[in-house]
Amino acid sequence: MLSFEEKKKIIDEYTELAAHPVSMGRINYHFPESVREKRIAVNHLHPNGNAFVYAPYLDEADKNGFVNIREATESEIRELVSGSIAFLSTDGDEFEEGYEEAFRDAYRTVVILRYENKMWAIYSDDHLEAIFPTREAADGYLADEGFQ
C-alpha cells in the first residue's frame with residue numbers, strides 16, 4: 001500500500017486540481033474547471049493512506065460515485081484521477097450541438113434529425129416536424145413513421 005505522502009505526491013502532479021485541507025489532516029482535491037455540479041475529484045486523502053476518487057462511471061463506485069484507493073497502485077491512482085478529471089470536464093452529452101443525420105422512408109422522403117439545445121428536432125425540408133427530449137424517443141418516432 002502506498003503511503004499518504006506517496007499518494008499526495010501523485011495527486012499533486014495534477015496541476016488542474018486544487019488541494020483543500022479538511023478536518024483530521026485530510027485533503028480534498030477540487031477540479032475548479034468542472035462543467036458538472038460535482039467539483040471534488042479526490043475526497044478525504046487521509047494520513048492513514050485512505051482516500052476516494054470520484055468515478056461514478058465505474059461499477060465499483062459507491063452510491064456517491066467514489067472509488068476507494070486505499071490499496072491502489074500508482075498506475076491505478078493515475079488512471080482513476082485522470083478518468084475523474086476527464087469525466088468532470090464533460091457535461092455528459094455524447095452529441096455536439098448541431099449534430100445531424102438524414103433518414104428516408106419507403107417513398108424516398110428525407111427528414112433530418114438534428115441535436116439542438118439538448119433536444120432532438122426532426123425537420124422536413126426547413127419545417128420543424130417534431131421535437132423530443134431524448135434520442136431514443138426521436139428514434140422511436142422515426143421508426144413508427146417508417147424512416148430508416
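Trainee: What is the right way to read the pattern of salt bridges from this model?
Mentor: Counted by the stated rule, this structure contains eight salt bridges. Between Asp-12 and Lys-8 there is a salt bridge, and its shortest N-O distance comes to 2.6 Å. In this pair, Asp-12 and Lys-8 are both assigned in helix 1 (residues 4-12), four residues apart and thus about one turn of the helix distant. Take Asp-12: its relative accessible area is 34%, and that puts it in the partly exposed class. We classify Lys-8 as partly exposed; its relative accessible area is 27%. Among the salt bridges present, the one from Arg-114 reaches Glu-100, with a minimum N-O distance of 2.7 Å. Of this pair, Arg-114 sits in strand 7 (residues 110-116) while Glu-100 sits in strand 6 (residues 100-104), and the two are 14 residues apart along the sequence. Connected through salt bridges with shared partners, the residues Glu-13, Glu-74 and Arg-78 form a single ionic network.

Trainee: Help me understand the pairing of strand 9 (residues 127-132), please; the structure alone is not making it clear to me.
Mentor: As a general feature of sheets, a regular strand has side chains that alternate between the two faces. Inspection of the sheet shows strand 8 (residues 119-124) paired to strand 9 by five bridges, in the antiparallel sense. Across the sheet, the residue bridging to Ala-121 is Ile-131, located in strand 9. Between strand 8 and strand 9, which pair antiparallel and follow one another directly, the connecting turn spans two residues, one of which, Asp-125, has a positive phi of 55 degrees.

Trainee: What's the story with the sheet that holds strand 7 in this structure? I'm lost.
Mentor: The strands making up a sheet are joined through hydrogen bonds of the backbone, oriented either antiparallel or parallel. Reading across from one edge, 6-7-8-9 is the order of the four strands in this open sheet, with antiparallel pairing throughout. Of all the strands in the sheet, the pair left with one neighbour each is strand 6 and strand 9. Pairwise comparison of adjacent strand axes, ignoring direction, gives a mean angle of 25 degrees for this sheet.

Conventions and cut-offs
- Residues numbered from 1 in each chain as written.
- Predicted model: local features only at pLDDT ≥ 70, side-chain atom pairs only at ≥ 80, totals over all residues.
- Heavy atoms only, no water.
- Salt bridge = Lys/Arg side-chain N within 4 Å of Asp/Glu carboxyl O.
- Helix = DSSP H or I, 4+ residues; strand = E, 2+ residues; numbered from the N terminus.
- Buried < 20%, exposed > 50% of the residue type's maximum accessible area, 1.4 Å probe, protein only.
- Pairing = 2+ DSSP bridges.
- Axes fitted to C-alpha atoms, helices over the stretch in contact; angles between N-to-C directions.

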